[in-house]
Amino acid sequence: QVQLVESGGGLVQAGGSLRLSCAASGNISSISDMGWYRQAPGKQREYVAAITSDGSTNYADSVKGRFTISRDNAKNTVYLEMNSLKPEDTGVYYCTVRVGPRGYVYWGQGTQVTVST
C-alpha cells in the first residue's frame, strides 16, 4: 500500500507562483507513473499533469507553458511548479501514483490553491 501527503498549497495573487509537493511512503518500490489532478467547487476533477518513471512528462492544454511537473525518486516525491497563475487555476489539487503490474491508482487528500484577482 502507498500513502501520499501533499503540501505547498495556499493563497496567491494572479500572476504569482506556487510549488506543490507530494511525498509517498509505503510500498514505494512499485510506483511507476505520478501525476496531479485538480477540482474546482461544483466541478468534476480534471487532469493537470503526469510524469513517468523515466521522466517523460505530459500536461493539460490549460497549463502548458506555465506548470512544470518533476519527481525526485530518492525522496519519493513529485512536485508541481505553477507559474503565471490565473484565477481559473483555483481548486483542490490532488497527487496520484500508479502502483504495481495492474496499475492501481492511489490518491492524496488534496491541498487547496486559491488565486485571487
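Residues numbered from 1 in each chain as written. Predicted model: local features only at pLDDT ≥ 70, side-chain atom pairs only at ≥ 80, totals over all residues. Heavy atoms only, no water.

This brings us to the overall build of the protein chain. The helix and strand tally for the protein chain stands at zero helices and 11 strands. Listed by position from the N terminus, the elements making up the protein chain come as β-β-β-β-β-β-β-β-β-β-β. Expected size for 117 residues packed as a compact globule is a radius of gyration near 13 Å; at 14 Å, the protein chain falls within 12% of this value. Taking the principal axes of the C-alpha coordinates as reference, the protein chain spans close to 45 × 25 × 20 Å. Relative to its full complement of 117 residues, the protein chain shows a buried share of 38%. Restricting to contacts in the protein chain with at least 6 residues of sequence separation, those with at least 24 account for 52%. For the protein chain, the exposed surface amounts to about 6400 Å²; the carbon and sulfur share of it is 46%. (Helix = DSSP H or I, 4+ residues; strand = E, 2+ residues; numbered from the N terminus. Rg over C-alpha atoms; globule rule 2.2 N^0.38 Å. Buried < 20%, exposed > 50% of the residue type's maximum accessible area, 1.4 Å probe, protein only. Contact = heavy atoms within 4.5 Å. Areas by Shrake-Rupley, 256 points an atom, 1.4 Å probe, with all protein chains shown as cover.)

The next subject is unusual backbone geometry. Phi is mostly negative for residues that are not glycine, and the peptide bonds are mostly trans. Notably, Asn 76 is not glycine yet its phi reads approximately 55°, a positive angle. In this structure, Asn 76 sits in the loop between β7 (67-72) and β8 (77-82). Despite not being glycine, Ser 84 shows a phi value in the positive range, around 50°. Within the fold, Ser 84 resides in the loop between β8 and β9 (91-99).

This part covers the state of the cysteines. One pass over the full model with this rule turns up one disulfide. A sulfur-sulfur distance of 1.9 Å marks the disulfide that ties Cys 22 to Cys 95. The chirality of the disulfide connecting Cys 22 with Cys 95 is right-handed, given an S-S dihedral of about 40°. With a gap of 73 residues between them, Cys 22 in strand β3 (residues 18-26) and Cys 95 in strand β9 connect regions that are remote in the sequence. Overall, Cys 22 belongs to the buried group, its relative accessible area being 0%. (Disulfide = S-S within 2.5 Å.)

In a structure, side chains of opposite charge can pair up when their charged atoms sit close to one another. Across all of its chains, the model carries five salt bridges by this definition. A salt bridge links Arg 38 to Asp 89, with the nearest nitrogen and oxygen atoms 2.9 Å apart. On the criterion of sequence distance, the pair formed by Arg 38 in strand β4 (residues 31-39) and Asp 89 in the loop between β8 and β9 is long-range, its members being 51 residues apart. The buried category is assigned to Arg 38, whose relative accessible area is 7%. In this structure, Arg 66 and Asp 89 form a salt bridge, with 2.8 Å as the shortest nitrogen-oxygen distance. Taken together, the residues Arg 66 in the loop between β6 (57-59) and β7 and Asp 89 in the loop between β8 and β9 connect sequence positions 23 residues apart. Residues Arg 66 and Asp 89 agree in their burial class; the two are buried. One salt-bridge network, in which partners are shared between bridges, spans Arg 38, Glu 46, Arg 66 and Asp 89. (Salt bridge = Lys/Arg side-chain N within 4 Å of Asp/Glu carboxyl O.)

Once that is clear, we can look at the layout of surface pockets. One number sums up the size of the largest pocket: a volume of about 170 Å³. Around the largest pocket, the lining residues are Asp 33, Met 34, Gly 35, Tyr 37, Tyr 47, Ala 49, Ala 50, Thr 96, Val 97, Arg 98, Val 105 and Trp 107. Broken down by secondary-structure element, the contributors of at least two residues to the lining of the largest pocket are β4, β5 (46-51), β9 and β10 (104-107). By residue number, the principal contributor to the lining of the largest pocket is β4, which donates four residues. A per-class count over the lining of the largest pocket returns eight nonpolar, two polar and two charged. (1 Å grid on protein atoms, 1.4 Å probe; cavity = no way out; pocket = protein on both sides within 12 Å on 5 of 7 lines; lining within 4 Å. Points joined across faces, edges and corners; volume = space filled by probe spheres on them. Nonpolar A, V, L, I, M, F, W, Y, C, P; charged D, E, K, R; others polar.)

Honestly, that's just the spatial picture; any functional story needs more than this.
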